[in-house]
Amino acid sequence: MYFCPSNNNSSSNTCERSCRGVAMFSALKDKVGEVLLPGDEFSSEANDTISLTDHVKPEKVVCGPGLRRSGDRLLVCKNGFLRHKQPNMFWIDSQQRRYVPTKGETIIGIVTVKSGDVFKVDFGGSEQASLSYLAFEGATKRNRPNVKVGDLVFAQFVIANKDMEPELVCVDSSGRANGMGVFGGGGLLFSVSLGLVRRLLSPHSDVLLDLQQLFPCELVVGMNGRLWVKSSSIQQTLVIANLLQSCDTMTALQRRELFRRVAQGAL
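Residues numbered from 1 in each chain as written. Predicted model: local features only at pLDDT ≥ 70, side-chain atom pairs only at ≥ 80, totals over all residues. Heavy atoms only, no water.

**Considering the overall build of the chain**
When helices and strands are tallied, the chain shows five helices and 16 strands. A separation threshold of at least 6 residues defines the contact pool for the chain, and within that pool the share at least 24 residues apart is 64%. Approximately 15500 Å² of the chain is accessible, and the part contributed by carbon and sulfur atoms is 50%. (Helix = DSSP H or I, 4+ residues; strand = E, 2+ residues; numbered from the N terminus. Contact = heavy atoms within 4.5 Å. Areas by Shrake-Rupley, 256 points an atom, 1.4 Å probe, with all protein chains shown as cover.)

As structure tokens, this is what we get:
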């Protein structure tokens, strides 16, 4: 049990909360890199002791995908490896492929229906999202975007609520496209796990660095697990797609060995 010096009830409660935060943060740090299963939990209570004269610095734990707070407990709701990012972010790195829409995330969708002023977009979720024709840069009632059924769109969620229909836009907060809109001429669309998507979007991604040394290409990454790639030839495009899909189940050493064999022409 933690013991904290106090002069009154207020300072005692503050110190107790700080101790609990340190206990949970330390327990999470000890499990980084290990496999966790749904139902595992981390409690803010601990049996360690600290010095009465040491200053206890509260650590606020930021929960990422796969972790959920329940009172003073932190529950694991996905199976996978526990990851940590400085200073205090934790998440579960899993091979999940089912995507749940989240406000602010960018996805790759397929236009399936054109109904009046609204397009229906399939993004791989449990239901389709709506996309207004006015949600494009420069679009007006007279100047409508040229969007057809079957087109690929890179869009962002502005409404993602379990009780409401998801809604997409192809502009940012300032009304600019900022890379969003209709795309996909001549490329290849395929799916990977959500864990690989997060690895590709991380700063200084090792997978992208290794891939850039092999083939120059255009790559669009959607948070819903869809990737679109286009290279100088159909053969290179297919090779890149196969390499990225193989990275889902490979370690860093296995990936580097595979990329080395491709660069030498062994495959």
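There is more to say, and it comes next.
**Thoughts on the sheet that holds strand E7 (residues 89-93)**
Strands sit in the order E1-E6-E7-E3 across an open sheet of four strands; the sheet is mixed. A strand with exactly one partner marks an edge of an open sheet, and here the two such strands are strand E1 (35-36) and strand E3 (62-63). In this sheet, E7 lies alongside strand E6 (residues 80-85) in antiparallel orientation, the contact comprising five bridges. The residue of E7 that forms the bridge with leucine 82 is isoleucine 92. (Pairing = 2+ DSSP bridges.)

**Digging into the side chain of aspartate 93**
Relative to the assigned elements, aspartate 93 resides in strand E7. Given the relative accessible area of 16%, aspartate 93 is considered buried. A polar atom in the side chain of aspartate 93 sits 3.5 Å from the side chain of arginine 83. Apart from residues no more than four positions distant in its own chain, aspartate 93 is found in contact with Gly80, Phe81, Arg83, Gly195 and Arg198. (Buried < 20%, exposed > 50% of the residue type's maximum accessible area, 1.4 Å probe, protein only. Polar contact = N/O pair within 3.5 Å; in protein donor to acceptor, adjacent residues only side chain to side chain.)

**A closer look at the pattern of salt bridges**
Counted under the stated rule, the structure contains nine salt bridges. Linking glutamate 165 and lysine 120 is a salt bridge whose minimum nitrogen-to-oxygen distance equals 2.3 Å. Note that glutamate 165 is positioned in the loop between strand E11 (152-159) and strand E12 (167-169) and lysine 120 in strand E9 (residues 118-122), a separation of 45 residues in sequence. Classification of lysine 120 as partly exposed rests on a relative accessible area of 26%. Here arginine 260 makes a salt bridge to glutamate 257, at a shortest N to O gap of 2.4 Å. Residue arginine 260 and its partner glutamate 257 are both found in helix H5 (residues 252-263); the two are separated by three residues, about one turn of the helix. Judged by relative accessible area, glutamate 257 falls into the partly exposed class, the value being 35%. (Salt bridge = Lys/Arg side-chain N within 4 Å of Asp/Glu carboxyl O.)

**Here we look at the sheet that holds strand E4 (residues 67-70)**
If you walk across this open sheet you meet the three strands as E2-E5-E4, and the pairing is antiparallel. Across the chains shown, the open sheet's two edge strands, defined by having one partner strand only, are strand E2 (41-43) and E4. Strand-to-strand, the axes of this sheet are offset by a mean angle of 20°, without reference to chain direction. (Axes fitted to C-alpha atoms, helices over the stretch in contact; angles between N-to-C directions.)

**Some remarks on the environment of alanine 177**
Mapped onto the fold, alanine 177 is located in the loop between E12 and strand E13 (181-183). Separated by 22 residues in the primary sequence, alanine 177 and alanine 155 have C-alpha atoms spaced 9.3 Å apart. Those residues in contact with alanine 177 that sit more than four places away from it in its chain are Glu137, Cys170 and Val171.

**Some thoughts on helix H2 (residues 194-201)**
Given 3.6 residues to a turn, an α-helix orients residues that are three or four positions apart in the same direction. Buried within H2 are the following residues: Leu194, Gly195, Leu196, Val197 and Leu200. Looking at the buried residues of H2, the elements they touch are E7, helix H3 (206-212), strand E15 (217-221), strand E16 (226-231) and helix H4 (234-246).

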